Amino acid sequence: SAVKYCLQKSFPFLLCADDDIFSRAFCENSGKLINVHLFALAAKYYSLSNLGVCTPLEDVLEALKGDSEGAAGIKPDEFMNNKKSHEVQVMSELVDSIASYCGIKQVIDIGSGKGYLSSFLSMQYNLKVYGIDSSSSNTNGAHERNRKLKKHWRAYQSRGKESLKSQSLEMANDRPVEHELNCKTINEELLNNAKRLQNQGQVVVQDLVPSCGFTEMATLETNTETEADLVTGTQSHETKLSEEVLAVLNVLPVDAVEDFSSSHCNCGELCEEEKVQRKMTSLKTKARKSSESNLYLPLTSCITAETELSDIITDLEDCMMVGLHTCGDLAANTLRIFTAKPEIKAVCSVGCCYHLLSEEFENQEECHDQVWGFPMCQYLKDKGWCCGRNARMSACLALERVAVGQMLPTESLFYRAVLQVIIEEIYGVTKSDRHVGKTFSKSSSFIDYVRRSLKKLELDDSKLPDNCIMDYYEKYKDRMNELEAFNMLKVVLAPCIEVLILLDRLCYLKEQENIAWSGLVKLFDPVKSPRCYAVIALKNQSCS
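Computed from a predicted model, the values in this text were never measured in an experiment. (Residues numbered from 1 in each chain as written. Predicted model: local features only at pLDDT ≥ 70, side-chain atom pairs only at ≥ 80, totals over all residues. Heavy atoms only, no water.)

Peer 1: Any chance you could explain the overall build of the protein chain here in plain terms?
Peer 2: Helix and strand counts for the protein chain stand at 21 helices and 9 strands. Expressed as a percentage of the 544 residues in the protein chain, the buried residues total 42%. In the protein chain, once contacts between residues fewer than 6 apart in sequence are set aside, the share between residues at least 24 apart is 73%. (Helix = DSSP H or I, 4+ residues; strand = E, 2+ residues; numbered from the N terminus. Buried < 20%, exposed > 50% of the residue type's maximum accessible area, 1.4 Å probe, protein only. Contact = heavy atoms within 4.5 Å.)

The following block contains the structure:
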């Protein structure tokens, strides 16, 4: 019923299926599952991929960009793994399109982590990005990574210069001797043209690229026809610059790279007025570079629904908020901050870690001042709706990956299940704030796994001999197939629980009066990135 309401609220034109589609898969008296096939069909029906409630990414980009073309640049594969590269490339293009549509240049990346998205947005699209993360180690790591990345760009730039010079020298040495006379003739014509233009008050620039043993001359300010005639030689060499270098230079923001083809000028022949003008231009350029040197600035702060961004970002202006796999409540708080702050004109949020969401009605404890991660929309609040931790854990499973053969880690899940039986029966512990973590990958056997886990849980393993541990293993090993089947049913149900969480967030946005448009968009390939859906919203332009 919760999903049905969310569908009707967000998409009133949709007709929901029979409410009993799930219930018919279970025995009315015992409540046991009796029809697996019907259960799977019902789960498929209520998945986002089948409901038709998502807006295609291509349609969103087309509506935002109109006839304009996207920025050309490099792919981030060299600096990130395949999954992160895929996510950053797709999301950054969408964020840039939204920012351009809204006429804003400032982006706030919530839960920025190591700064992969933030740094790419700043360098590829020349956006001013503030990356906020609660972990100082992540922020420091982002600073260091950004420093190395800039150093990498400078290395590419340096190689580009050497490549240009060496190619020019090779071309000059390879030219036949009979062409030298023609070169001298061209040289004289260029010098005559340069002197004529200089007498007219034009500025002459000496190009760095040697060619045929003479110096090519070009003017900074001249008419189109004359300029084309004078710089043809230079352009022919520039087009020889390797594609690799050009791709890297394209990714940098404006003025991030000095123009090495015209960086040396014949300043001795400039008039005093021109010298002053050039000095002022240089100062302005340096000031602009200084202001743009922090196009990406990592900040450390814990973001809540009550966070005042102006306390963190001193030059806060009209901006948009983004979040790539914001964990638990952070995704919900991102939407709340967006609706509350007039400076934030748009939001693009991809959440994850549903198991870490706080639920208002889970523990039946009255905490009137707390802001909860679920539910967000008023309808589910009025109904007192609760998913529970087990359901939220299931929502994190990746059906698409299982469908292509990436099976669940059955053995590690079996280890964990038997461990819980041991802890309850031997130690009498039914609940603990401590976590076992990734102990399975470090363990050589089930005995080793149990002992490592007990130490993490601060339980005395000396009272548990090896033969007792193995007795538990032997007792339950024949039920491993049951565990696998149970987890497969959880995987099938996972998209339905994710639907409820995402539609709750979308309905929250639909309930706000200052939202011009909001929707769900599938951004990523779910096999590469299972949490692939973005909640996107734009405010009314009149909102301030």
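Peer 1: Looking at this structure, how should I read the nonpolar core?
Peer 2: Side chains of nonpolar character tend, in soluble globular proteins, to be buried together. With 82 residues, the main nonpolar core has Met 91, Leu 94, Met 320, Cys 348 and Leu 523 as its most contacted residues. Counting residues per element, this core draws most heavily on helix H21 (residues 480-510), at 11 residues. When near neighbours in sequence (up to four residues on either side) are disregarded, Cys 348 contacts Met 91, Leu 94, Ile 98, Met 320, Met 321, Val 322, Gly 323, Ala 534, Val 535 and Ile 536. (Core = buried A, V, L, I, M, F, W, Y, C linked by side-chain atoms within 4.5 Å.)

Peer 1: It is not clear to me how the packing of helix H18 (residues 410-427) against H21 should be interpreted in this structure. Could you clarify?
Peer 2: For any two helices packed against each other, the geometry is given by the interaxial angle and the distance between the axes. The N-to-C vectors of H18 and H21 enclose an angle of 110°; their axes lie 10 Å apart at closest approach. In terms of orientation, H18 and H21 fall into the roughly perpendicular class. In contact with Thr 410, Leu 413 and Phe 414 of H18, H21 contributes Met 480, Leu 483, Glu 484 and Asn 487. Here the contact of H18 with H21 is composed, by residue class, of 4 nonpolar, 2 polar and 1 charged. (Axes fitted to C-alpha atoms, helices over the stretch in contact; angles between N-to-C directions. Parallel < 35°, antiparallel > 145°, perpendicular 65-115°, else oblique. Nonpolar A, V, L, I, M, F, W, Y, C, P; charged D, E, K, R; others polar.)

Peer 1: Would you take a moment to explain the sheet that holds strand E5 (residues 296-300) for this structure?
Peer 2: By definition, the strands of a sheet pair up through backbone hydrogen bonds, in either a parallel or an antiparallel sense. Pairing is mixed across the open sheet formed by 7 strands, whose spatial order is E5-E2-E1-E6-E7-E9-E8. Here the strands that pair on one side only, and so sit at the sheet edges, are E5 and strand E8 (515-522). Within this sheet the neighbouring strands show an average axis-to-axis angle of 15°, counted without direction. Across 4 bridges, strand E7 (residues 344-352) lies against strand E9 (residues 533-539) in antiparallel orientation. When the sheet's bridge partners are listed, Val 347 is paired in E9 with Ala 537. Contacts between helix H5 (residues 82-102) and the sheet are confined to strand E1 (106-110), strand E6 (319-327), E7 and E9, with E6 contributing the most and set at about 160° to the helix. (Pairing = 2+ DSSP bridges.)

Peer 1: Explain the pairing of E1 to me, please; I cannot follow it from the model alone.
Peer 2: It is a general feature of regular strands that their side chains alternate between the two faces of the sheet. With 5 of 5 residues buried, E1 lies mostly within the body of the structure. Here E1 shows a buried face lined by Gln 106, Ile 108 and Ile 110 and a second buried face lined by Val 107 and Asp 109.

Peer 1: Would you mind showing me how to read H18 here?
Peer 2: Given 3.6 residues per turn, any residue in an α-helix points the same way as the ones three and four places further on. Between its first and last C-alpha, H18 extends 25 Å over 18 residues, near the 26 Å set by a 1.5 Å rise per residue. Within H18, burial applies to Thr 410, Ser 412, Phe 414, Tyr 415, Val 418, Leu 419, Ile 422, Ile 423 and Tyr 427. For H18, the elements touching its buried residues are helix H19 (446-456), helix H20 (466-476) and H21. Immediately downstream of H18, the backbone of Gly 428 shows phi near 70°, a positive value. (Expected span 1.5 Å × (residues − 1).)

Peer 1: Please explain H19 as it appears in this structure.
Peer 2: Three or more residues of H19 are buried, namely Phe 446, Tyr 449, Val 450, Arg 451, Ser 453 and Leu 454. Next to the buried residues of H19 lie H18 and H20.

Peer 1: Help me understand the state of the cysteines in this model?
Peer 2: Throughout this description, disulfide means a covalent bond between two cysteine sulfur atoms. The final tally for this structure, using the stated rule, is 0 disulfides. Looking at the unpaired Cys 396, the closest cysteine sulfur is the one in Cys 353, lying at 6.4 Å. (Disulfide = S-S within 2.5 Å.)

Peer 1: Got a minute to help me understand the environment of Asn 390 in this structure?
Peer 2: The residue Asn 390 is located in helix H16 (residues 389-395) in this model. Relative accessible area serves as the criterion here: at 65%, Asn 390 is assigned to the exposed category. Each C-alpha atom of the pair Asn 390 and His 355 lies 7.9 Å from the other, and the pair is 35 residues apart in sequence.

Peer 1: Looking at this model, I keep getting lost on the packing of aromatic side chains. Mind explaining?
Peer 2: Describing an aromatic ring pair means giving the distance of the ring centres and the angle of the ring planes. Counted by the stated rule, this structure contains 8 aromatic pairs. Look at Tyr 415 and Phe 440: their rings are 5.2 Å apart centre to centre, the planes differ by 70°, and that puts the pair in the edge-to-face class. On the criterion of sequence distance, the pair formed by Tyr 415 in helix H18 and Phe 440 in the loop between H18 and H19 is long-range, its members being 25 residues apart. Here Phe 440 falls in the partly exposed class, since its relative accessible area comes to 29%. (Phe/Tyr/Trp six-rings, centres within 6.5 Å; stacked < 30°, edge-to-face > 60°.)

Peer 1: Honestly, the pattern of salt bridges in this entry has me stumped. Any pointers?
Peer 2: Side chains that differ in sign of charge can pair as their charged atoms come close. Counted by the stated rule, this structure contains 15 salt bridges. The closest approach of N and O atoms between Asp 461 and Arg 451, which form a salt bridge, is 3.2 Å. With Asp 461 in the loop between H19 and H20 and Arg 451 in helix H19, the pair connects residues that are 10 residues apart, well separated along the chain. Considered together, Asp 461 and Arg 451 belong to a single accessibility category, that of buried residues. Taken together, the shared-partner salt bridges in this structure form one network comprising Lys 83, Lys 84 and Glu 87. (Salt bridge = Lys/Arg side-chain N within 4 Å of Asp/Glu carboxyl O.)

Peer 1: Any chance you could explain the confidence of the model for the protein chain here in plain terms?
Peer 2: A low pLDDT score tells you not to read the predicted coordinates there in detail. Model confidence for the protein chain is summarised by a mean pLDDT of 76, while 63% of its residues fall at 70 or above. Here residues 283-294 is a poorly scored stretch, pLDDT under 50, and it has 7 contacts once near neighbours within four places are set aside; other chains count. (pLDDT = per-residue confidence, 0-100.)

Peer 1: Is there a simple way to explain the side chain of Arg 531 in this structure?
Peer 2: Within the secondary structure layout, Arg 531 lies in the loop between E8 and E9. For Arg 531, a relative accessible area of 10% corresponds to the buried category. Polar contacts involving the side chain of Arg 531 include one to the side chain of Glu 498, which spans 3.1 Å. With near-sequence residues (within four places) excluded, Arg 531 lies in contact with His 325, Val 350, Gly 351, Cys 352, Tyr 354, Ala 395, Cys 396, Leu 397, Glu 498 and Phe 524. (Polar contact = N/O pair within 3.5 Å; in protein donor to acceptor, adjacent residues only side chain to side chain.)

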